[in-house]
Amino acid sequence: MEIGIYGLGRMGANMVRRLIDKGDHRVVAGNRSPGKVDEAVEHGAEGAYSVEEFVQKLSPPRVLWSMLPAGEVTEEMLHRFAELADEGDIIVDGANSYFRDSVRRAKEIEAKGLRFLDAGISGGIWGYEVGYCTMVGGDRSAFEHVEPALKTLAPPDGYAYLGEAGAGHFAKMVHNGVEYGMMQAYAEGFEILKSSRYDYDLRAISHLWNQGSVVRSWLLELAEDAFSKDADLEKIAGYVEDSGEGRWTVFEAIHEDVPAPIITGALFARFASRQDDSFAAKVLAALRNEFGGHAVKEAGARGGEG
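Now for a look at the structure at hand. (Residues numbered from 1 in each chain as written. Predicted model: local features only at pLDDT ≥ 70, side-chain atom pairs only at ≥ 80, totals over all residues. Heavy atoms only, no water.)

What to know about the overall build of the chain
Right, so step 1: Helix and strand counts for the chain stand at 13 helices and eight strands.
Right, so step 2: A compact globule built from 306 residues should have a C-alpha radius of gyration of about 19 Å, and the chain, at 20 Å, falls within 12% of that.
Right, so step 3: For the C-alpha atoms alone, the extent of the chain along its principal axes is close to 65 × 45 × 40 Å.
Right, so step 4: Across the 306 residues of the chain, 50% fall into the buried class.
Right, so step 5: Looking at the chain alone, contacts between residues at least 24 apart form 70% of all its contacts between residues at least 6 apart.
Right, so step 6: Total accessible area on the chain stands at roughly 14,200 Å², and carbon and sulfur atoms take up 52% of it.
Right, so step 7: Charge separation in the chain, taken as the distance between the mean sites of 32 positive and 49 negative side-chain charges, equals 2 Å. (Helix = DSSP H or I, 4+ residues; strand = E, 2+ residues; numbered from the N terminus. Rg over C-alpha atoms; globule rule 2.2 N^0.38 Å. Buried < 20%, exposed > 50% of the residue type's maximum accessible area, 1.4 Å probe, protein only. Contact = heavy atoms within 4.5 Å. Areas by Shrake-Rupley, 256 points an atom, 1.4 Å probe, with all protein chains shown as cover. Lys, Arg positive; Asp, Glu negative; His and termini not counted. Charge placed at Lys NZ, Arg CZ, Asp CG, Glu CD.)

Comments concerning the pairing of strand β1 (residues 2-6)
Right, so step 1: With respect to burial, β1 is a largely interior element, four of its five residues being buried.
Right, so step 2: Summarising the sheet, β1 and strand β2 (residues 26-30) pair through five bridges and their orientation is parallel. When the sheet's bridge partners are listed, E2 is paired in β2 with R26.
Right, so step 3: Each parallel crossover has a hand, and the one from β1 via helix α1 (residues 10-22) to β2 is right-handed.
Right, so step 4: Judged from the three bridges that link them, β1 and strand β4 (residues 63-66) form a sheet pairing that is parallel. Of the residues in β4, the one forming a bridge with G4 is L64. (Pairing = 2+ DSSP bridges. Right-handed = clockwise from strand over helix to strand, strands pointing away.)

Considerations on the packing of aromatic side chains
Any aromatic ring pair is given by two values, namely how distant the centres are and how the planes are angled relative to each other.
Right, so step 1: Inspection of the entire model under this criterion finds 14 aromatic pairs.
Right, so step 2: An angle of 20° between the planes, with centres 5.6 Å apart, marks the rings of F54 and F81 as stacked. Within this pair, whereas F54 is found in helix α3 (residues 51-56), its partner F81 is found in helix α4 (residues 72-84), the two being separated by 27 residues in sequence. Side by side, F54 and F81 carry an identical accessibility label, which is buried.
Right, so step 3: Look at F227 and F279: their rings are 6.4 Å apart centre to centre, the planes differ by 5°, and that puts the pair in the stacked class. Of the two residues, F227 is situated in helix α10 (residues 218-229) and F279 in helix α13 (residues 279-292); the sequence distance between them amounts to 52 residues.
Right, so step 4: You can call F227 buried: its relative accessible area is 4%.
Right, so step 5: What makes F279 buried here is its relative accessible area of 9%.
Right, so step 6: An aromatic cluster is defined as three or more aromatic residues linked by ring pairs; in this entry it consists of Y98, F99, F170 and W248.
Right, so step 7: Its end group placed over the ring of Y128, R17 keeps NZ or CZ at 3.9 Å from the ring centre.
Right, so step 8: Over the ring of Y180 we find R270, and its NZ or CZ is 3.6 Å from the ring centre. (Phe/Tyr/Trp six-rings, centres within 6.5 Å; stacked < 30°, edge-to-face > 60°. Lys NZ or Arg CZ within 6 Å of the ring centre and 35° of its normal.)

Here we look at the nonpolar core
Right, so step 1: With 28 residues, the main nonpolar core has I3, I5, V16, W65, L117 and V146 as its most contacted residues.
Right, so step 2: Counting only elements with at least two residues in this core, the list comes to β1, α1, β2, α2 (34-42), β4, β5 (90-93), β6 (115-122) and α7 (140-153).
Right, so step 3: Looking at which element gives the most residues to this core, the answer is α7, with six residues.
Right, so step 4: Core analysis: the next-biggest nonpolar cluster, separate from the first, contains 25 residues, Y186, F190, A223 and V240 among them. (Core = buried A, V, L, I, M, F, W, Y, C linked by side-chain atoms within 4.5 Å.)

Observations concerning the sheet that holds β2
Right, so step 1: Pairing in this open sheet of eight strands is mixed, and the strands run β3-β2-β1-β4-β5-β6-β7-β8 from one edge to the other. Unpaired on one side and paired on the other, β3 (46-48) and β8 (159-163) mark the two borders of the sheet. Taking each pair of neighbouring strands and ignoring which way they run, the sheet shows an average axis angle of 25°.
Right, so step 2: As paired elements, β2 and β3 share three bridges and run parallel to each other. Residue V28 lies in a different strand from β3, and its bridge partner there is E46.
Right, so step 3: Running at roughly 165° to β3, α2 makes contact with β2 and β3 of the sheet. (Axes fitted to C-alpha atoms, helices over the stretch in contact; angles between N-to-C directions.)

Re the pattern of salt bridges
Right, so step 1: In the structure shown here, the tally under the stated rule is 19 salt bridges.
Right, so step 2: Of the charged contacts in the structure, one is a salt bridge between E53 and K57, with a shortest N-O distance of 3.3 Å.
Right, so step 3: Linked by salt bridges that have partners in common, E75, D93, D101, R104, R105 and E108 make up one network. (Salt bridge = Lys/Arg side-chain N within 4 Å of Asp/Glu carboxyl O.)

Here it is in structure tokens:
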């Protein structure tokens, strides 16, 4: 199929590469800075150096897929797409947007005769190799049109249509809330091991637990990788940001009167990490860097970003 991806950051660029390398798709790649577009062109995409060119290079019904960061920049781009698109075109928001924003945006976009999809995407910097688990909400006919690209992007059984607008981003929000809780459990466990009377090799423990134990997981594989690079995580400050989805999951749990002590506690632990250094926080920071390429602070570098 034909598809446009705008926003060539860590995930967007690799999604373009996967669509080209593993599927029979024509991909138009756009970005605010031209260097990223040049790289995509070298890999086989058609480059677009302005939003107008990005839209013009696609044939109706167009698939205009935004992979910009969630927030105001995504809001502005979706509005720009809507201004330039033709009736029946499909606008896809692949950011980690708040699902309530997606519900609102769907109504605004559909009022203009366009179709909207909210795509919650998990896979981080590893998605090119292993695929992107993709949770989709919005217009069903738009999903069916985009499905060939979703099939290329995802691992087997790794994408699904989940319902009306907002359903994809809601599922991704909860996914990330669960991720917070799992990471926190591993982090606390490794701190208990490190603080014990025994001289444990935490990389070896990570590897051991992944051999058939109940707690084996990809996160544990990433912990092993992190410990192999820095056994005591001495180079990483125990300062852990949160990118929004964990907060939103807690907000929605409160809104729905659902008890969520583990996810809430994991979120608060991240807040605490910005005040006091701890080994558990170092593990959290290392895991975020391993699976998502999220920046870490060097040991001794405190101070927040707000």
